[in-house]
Amino acid sequence: DRPAKVCAEAGRKCVRSLRQYPILSREWFGVVDSLGQLARLVQLEGRMPANSKVAESAGRNLDSDGTLWDQEAHENAIRILVEEAKVNLCLRMINEFKRWHYDPALRTADV
């Protein structure tokens with residue numbers, strides 16, 4: 001349980017540092033680093049064994065895999081993104097980056 005708690009704390013720190021900055025700015029590269037760290041935490045979570053205590057929880061719907069808060073798999077990164085209200089921010093950043101990436105005029109202006 002300790003490794004999961006450490007991952008969750010590190011993930012929360014990464015998620016709380018997310019802000020939208022102009023592409024290729026110094027701050028933007030900091031956000032990219034935070035997202036890379038978050039991605040590594042997701043990979044670590046995927047290697048963790050399932051939490052067997054969850055199956056024993058009273059009131060859990062046994063016909064489903066659970067929600068982000070009551071499932072056996074470790075998916076703290078997405079849960080933290082939801083709790084910290086950063087999902088829409090991530091989508092906006094992806095959208096902005098993709099528009100920049102596919103528009104040669106924008107890329108040339110920023111470089």
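Residues numbered from 1 in each chain as written. Predicted model: local features only at pLDDT ≥ 70, side-chain atom pairs only at ≥ 80, totals over all residues. Heavy atoms only, no water.

Caption draft 1: Region of the structure containing unusual backbone geometry. The backbone of L24 sits at a positive phi, close to 75°, despite the residue not being glycine. Position of L24 relative to the elements: it lies in the loop between helix 1 (2-16) and helix 2 (26-47). The phi torsion at A85 lies on the positive side, around 55°, for a residue other than glycine. The topology assignment puts A85 in the loop between helix 3 (76-83) and helix 4 (87-102). (Helix = DSSP H or I, 4+ residues; strand = E, 2+ residues; numbered from the N terminus.)

Caption draft 2: Summary view of helix 2. Helix length check: helix 2, at 22 residues, gives a terminal C-alpha distance of 33 Å against a target of 32 Å (1.5 Å per residue), a fit within 8%. Those residues of helix 2 that fall on the buried side of the exposure criterion are W28, V31, S34, L38, L41 and E45. Mapping the buried residues of helix 2 onto a view down its axis gives an arc of 125°, with all of them on the same face. Seen from the open side of helix 2, the exposed residues pointing more than 90 degrees away from its buried face are R26, D33, R40, Q43, G46 and R47. (Expected span 1.5 Å × (residues − 1). Buried < 20%, exposed > 50% of the residue type's maximum accessible area, 1.4 Å probe, protein only. Arc of directions from axis to C-beta.)

Caption draft 3: Quick look at the pattern of salt bridges. Taken as a whole and assessed by the stated rule, the structure comprises four salt bridges. For R16, the salt bridge identified is with E84, shortest N-O distance 3.2 Å. Taken together, the residues R16 in helix 1 and E84 in the loop between helix 3 and helix 4 connect sequence positions 68 residues apart. A residue is classified by how much of its surface remains accessible, and E84, at 21% relative accessible area, is partly exposed. (Salt bridge = Lys/Arg side-chain N within 4 Å of Asp/Glu carboxyl O.)

Caption draft 4: Structural context of the side chain of S25. Position of S25 relative to the elements: it lies in the loop between helix 1 and helix 2. Here P22 takes part through its backbone oxygen, which lies 2.7 Å from a polar atom of the side chain of S25. (Polar contact = N/O pair within 3.5 Å; in protein donor to acceptor, adjacent residues only side chain to side chain.)

Caption draft 5: How the structure looks around the packing of aromatic side chains. Applying the stated criterion across every chain, the model contains three aromatic pairs. Judged by centre distance (6.0 Å) and plane angle (20°), the rings of W28 and F97 are stacked. Of this pair, W28 sits in helix 2 while F97 sits in helix 4, and the two are 69 residues apart along the sequence. Residue F97 is classed as partly exposed on the basis of its relative accessible area of 28%. An aromatic cluster of at least three residues, connected via ring pairs, comprises W28, F29, F97 and W100. (Phe/Tyr/Trp six-rings, centres within 6.5 Å; stacked < 30°, edge-to-face > 60°.)

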